Amino acid sequence: MLINTVILFLRDALPFFVLLSLVLSMLPVGLKWLSLSLLAGLAGSLLLLDQIDRLSQQLAGAGMELMLFSCHLLVYLAIVAAAYIYLQELQELPHSAKSKQKTTTLQGIAGLMIATSLFINGVSFSIYFVNFWSQADAPQSILLGTALGLGICLSISVLLYFSMLWLKQMFGPISIVLALVLHASGQLADAVSLLVQVDWLEQSEGLWDLSNIFHDQSEFAHLFNALFGYRASPSYHQLGLYSVACILPLLGYYWLRLNFNAPTQSASTAAARAQEQK
Amino acid sequence: MLSRYSFIVLLTVLSLNAKAVEEFTIELKQHLFYPSRIEVPANQKVKLIIHNLDEQPEEFDSFDLNREKMIFAGRKAIIFIGPLKPGEYAFFGEYHPNTARGLVVASELKQGEQHVD
């Protein structure tokens, strides 16, 4: 039970912690929006517990998969929108009215994606805790496993958070945008298997097999999967969706910057930002 | 004219999709899969029907098959797998990975033949 709980954390909670670190390296930590989104996500997954059995039987047994895929799509779209607003917000003078307005919008979108991500990943935990807590000796093992799993996830997210701050300083905010887009695309491409398993999409062949290097079951594979959607043997569908999901928003940001008055950072704004960072 | 062609294309797609898929049933009892080894035909899509006869939910999980599905107590779940290359594909119950373990073996079998251990 202890090991199961730790593994459950590594598999299901790590993507949430990765997203949280990436978002916090992009936005100033606000207690209000962060706690509200965490509460909303938790409440959502607990409420779903009541209906999950019925939901899983809907649409010839595909109800749960379709809901989860929709949530992954929503998180992806929210991340793409957040990354764009973040790039725009950086063009404004810090503490100006426009900058504050964009930060508020950004916090709203970030809250939505954190709540949705927690909702997606929290469902599996809620079912596990509710159903196994009553077993003999389970509470002690579950609590210990939770402490260990949470410790691992928190350590990784703190390391990632500071790495992102360092990358932001070295290569600019685009490094955070790239990390966010890679993470979002990876999670979305990974969710394709949900549609395949309920026969809403045909299975396509695996393009290659890296199982002898990093098997999907290994710890590194779990970490890489949470970071950028690693799969030892991705299918055509997964790789296709991954590539499109990565390239389209990056091209979109570039195109918008070229064609619509997407402002280039003025010397005064850049100086003000640099001053603020100091 | 376009809509007529679209309709014909849609019907063709639906009829191709409606091709019979072979079904295989697995039961989960006391955190064990029965049968724990199931032979399926290689290179074709098959349908796994998993009945959870336990009083607790279980998550059917397989890294090899890239599948993950919650099965609630007393319920059945349907998972489509394949087309698979000939070989062995392990699966397990995420909540009881030490006991709930099984193997899907994809091999060249005659239609309807099912090997059970």
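Structure shown above.
> Any details on the overall build of chain B? Residues and values, ideally.
Counting its secondary structure elements, chain B contains one helix and nine strands. Among the 117 residues that make up chain B, the fraction classed as buried is 36%. Considering only contacts within chain B whose residues lie at least 6 apart along the sequence, 62% involve residues at least 24 apart.

> Break down the overall build of chain A for me, citing the residues and quoting the values.
The helix and strand tally for chain A stands at 10 helices and zero strands. When its helices and strands are written in sequence order, chain A yields α-α-α-α-α-α-α-α-α-α. The C-alpha atoms of chain A give 20 Å as radius of gyration, which agrees with the globular expectation for 278 residues (19 Å, within 12%). For chain A, the spread of C-alpha atoms along the three principal axes comes to 65 × 40 × 40 Å. Among the 278 residues that make up chain A, the fraction classed as buried is 37%. For chain A, restricting intrachain contacts to residue pairs at least 6 apart in sequence, the fraction spanning at least 24 positions comes to 81%.

> An account of the sheet that holds strand 8 (residues 87-93) of chain B is needed here, citing residue identities and associated values.
Residues and elements named next belong to chain B. An order of 3-9-8-5-6 is seen for the five strands of this open sheet, with the pairing classed as mixed. Unpaired on one side and paired on the other, strand 3 (37-41) and strand 6 (67-71) mark the two borders of the sheet. On average, each strand axis in the sheet is inclined to that of its neighbour by 20 degrees, with strand direction left out of account. Alignment of strand 3 against strand 9 (residues 101-107), held across five bridges, turns out to be parallel. Note that in strand 9 the partner of Glu39 across the bridge is Val105.

> Describe the sheet that holds strand 7 (residues 76-81) of chain B, listing the residues and the values that go with them.
Strand pairing in a sheet relies on backbone hydrogen bonds. The paired strands run either parallel or antiparallel. Residues and elements named next belong to chain B. If you trace the four strands from one edge of the open sheet to the other, you get 2-1-4-7, paired in mixed fashion. Because the sheet does not close on itself, it has two edges, and the strands there are strand 2 (32-34) and strand 7. Strand-to-strand, the axes of this sheet are offset by a mean angle of 25 degrees, without reference to chain direction.

> Go over unusual backbone geometry with me, naming the residues and quoting the values.
All names here are of chain B. In the segment running from Tyr34 into Pro35, the intervening peptide bond is cis, with an omega of -10 degrees. Note that Pro35 resides in the loop between strand 2 and strand 3. In this model, Gly82 is joined to Pro83 through a cis peptide bond whose omega is 5 degrees.

> Before we move on, could you go through the interface of chain B and chain A and cite the residues and values that matter?
Tallying the contact residues gives 17 residues for chain B and 16 residues for chain A. Of all elements in the fold, only strand 6 and strand 7 of chain B reach the threshold of two or more residues within the side of chain B that touches chain A. Ranked by the residues each element gives to the side of chain B that touches chain A, the list is headed by strand 7 of chain B, at four residues. Grouping the amino acids of the side of chain B that touches chain A by side-chain chemistry returns 11 nonpolar, three polar and three charged.

> Please provide a residue-by-residue account of the packing of helix 1 (residues 2-26) of chain A against helix 5 (residues 138-171) of chain A, values included.
Residue and element names in this part refer to chain A. Contact pair helix 1 / helix 5: the axes reach a minimum separation of 8 Å and the direction vectors enclose 25 degrees. By the angle class used here, helix 1 and helix 5 are roughly parallel. Pair helix 1 / helix 5 crosses with right-handed handedness. Considering only residue class, the contact of helix 1 with helix 5 consists of 23 nonpolar, nine polar and one charged.

> Before we move on, could you go through the packing of helix 1 of chain A against helix 4 (residues 97-132) of chain A and cite the residues and values that matter?
Residue and element names in this part refer to chain A. It is at 10 Å that the axes of helix 1 and helix 4 come closest, and there the two elements cross at 165 degrees. In terms of orientation, helix 1 lies roughly antiparallel with respect to helix 4. When you trace helix 1 past helix 4, the crossing you get is left-handed. Residues Leu8, Asp12, Ala13, Pro15, Phe16, Leu19, Leu20 and Val23 of helix 1 pack against Ala110, Met113, Ile114, Ser117, Leu118, Asn121, Ser124, Phe125 and Tyr128 of helix 4. Partitioning the contact of helix 1 with helix 4 into residue classes produces 13 nonpolar, three polar and one charged.

Reading guide: rules and limits
Every chain's residues receive numbers from 1 upward, in the order its sequence appears when written. Whichever chain is written first is A, and whichever ligand is written first is 1; the rest continue in order. With pLDDT at 70 or above as the cut-off, local features in this predicted model cover only qualifying residues; side-chain atom pairs require 80 or more to be listed or tallied, and sums for whole chains, interfaces and linings still use all residues. Each helix is a run of H or I in the DSSP string that is no shorter than four residues. Each strand is a run of E no shorter than two, and both are numbered from the N terminus. With C-beta atoms placed from the backbone, a residue is buried if 20 or more other C-beta atoms are within 10 Å of its own, exposed if 12 or fewer are, and partly exposed between those counts. A pair of residues counts as a contact when their C-beta atoms, built from backbone coordinates, are separated by no more than 7 Å. The globule rule used for comparison is 2.2 Å times the number of residues to the exponent 0.38, while the radius of gyration itself is calculated over C-alpha atoms. What makes two strands pair is DSSP finding at least two bridges between them. Angles shown run from 0 to 180 degrees and are taken between the N-to-C directions of axes, each axis being a line fitted to C-alpha atoms and, for helices, limited to the stretch in contact. Side-chain classes are defined by residue name, with Ala, Val, Leu, Ile, Met, Phe, Trp, Tyr, Cys and Pro counting as nonpolar, Asp, Glu, Lys and Arg as charged, and the others, Gly among them, as polar. Roughly parallel covers angles under 35 degrees, roughly antiparallel covers those over 145, roughly perpendicular covers 65 to 115, and oblique covers all other angles. Here a crossing is taken to be left-handed if its near helix is turned anticlockwise relative to the far helix by less than a right angle, and right-handed if that turn runs clockwise.

Read these as geometric descriptors, not functional statements.
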